[in-house]
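Descriptive analysis of the structure
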Amino acid sequence: MQPFTKRVVEIIKRIPSGAVMSYGQIAELAGSRRGARQVVRILHTQSHIHQLPWHRVVNAQGEIAIPSEEGNMEQRSRLEEEGVEVSVQGKLNLAKYRFNPAPADIMGTWDNLDPDDVDQMV
């Protein structure tokens, strides 16, 4: 697994119940300001393997971005079960529900990375 992917997985694992982060927010915290699409790919391929709380990730406008009706409804349902209010249009209040971890707190989760990966971290 690439260092960026490892960091994204660790960040997503840390999103607490009842909170969300955006794809871009996760990408920037993991070291790639323009890596939001990579976060989407990682969620798609790694969520099941790593038991990621994929439903806690939304787009920059605070909207559920899953195009399929089934996936969209599942994300909405999971968020609502955690107390997140989601509008009929699939939008939530980022000011209220956004998780904003300090970069230093997240970087502490990367202690288990291979020593060769450390020099690639931001």
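These remarks concern the structure in this document. Computed from a predicted structure; not experimentally measured.

**Section: helix 3 (residues 36-50)**
The sharpest bend along helix 3 measures roughly 40° and falls at His 44. Of all the residues in helix 3, the buried ones are Val 39, Ile 42, Leu 43, Gln 46 and Ser 47. For helix 3, the elements touching its buried residues are helix 1 (3-13), helix 2 (23-30) and strand 2 (57-58). Positive backbone phi, at 55°, marks Gln 51, one or two positions downstream of helix 3.

**Concerning the packing of helix 1 against helix 3**
Axis separation between helix 1 and helix 3 bottoms out at 10 Å; the angle between their running directions is 70°. Here helix 1 is positioned roughly perpendicular relative to helix 3, judged by the angle of their axes. Along this stretch, helix 1 crosses helix 3, giving a crossing that reads as right-handed. Seen from helix 1, the contacting residues are Phe 4, Thr 5, Val 8, Val 9, Ile 12 and Lys 13; seen from helix 3, they are Gln 38, Val 39, Arg 41, Ile 42, Leu 43, Gln 46 and His 50. Split into classes, the residues belonging to the contact of helix 1 with helix 3 amount to 7 nonpolar, 4 polar and 2 charged.

**Topic: the nonpolar core**
In this structure, Val 8, Ile 12, Ile 26, Val 39 and Leu 43 are the most contacted members of the largest nonpolar core, which totals 20 residues. If you list the elements that add at least two residues to this core, you get helix 1, helix 2 and helix 3. Setting aside residues no more than four positions away along its own chain, Ile 12 makes contact with Ile 26, Leu 43, Leu 52, Pro 53 and Val 57. By size, the runner-up hydrophobic cluster in this structure holds 9 residues, among which are Val 20, Leu 79, Leu 92 and Leu 94.

Basis of the calculations
Residues numbered from 1 in each chain as written. Predicted model: local features only at pLDDT ≥ 70, side-chain atom pairs only at ≥ 80, totals over all residues. Heavy atoms only, no water. Bend = angle between axes of the 7 residues up to and from the residue. Helix = DSSP H or I, 4+ residues; strand = E, 2+ residues; numbered from the N terminus. Buried < 20%, exposed > 50% of the residue type's maximum accessible area, 1.4 Å probe, protein only. Contact = heavy atoms within 4.5 Å. Axes fitted to C-alpha atoms, helices over the stretch in contact; angles between N-to-C directions. Parallel < 35°, antiparallel > 145°, perpendicular 65-115°, else oblique. Left-handed = near helix turned anticlockwise from the far one by under 90°. Nonpolar A, V, L, I, M, F, W, Y, C, P; charged D, E, K, R; others polar. Core = buried A, V, L, I, M, F, W, Y, C linked by side-chain atoms within 4.5 Å.

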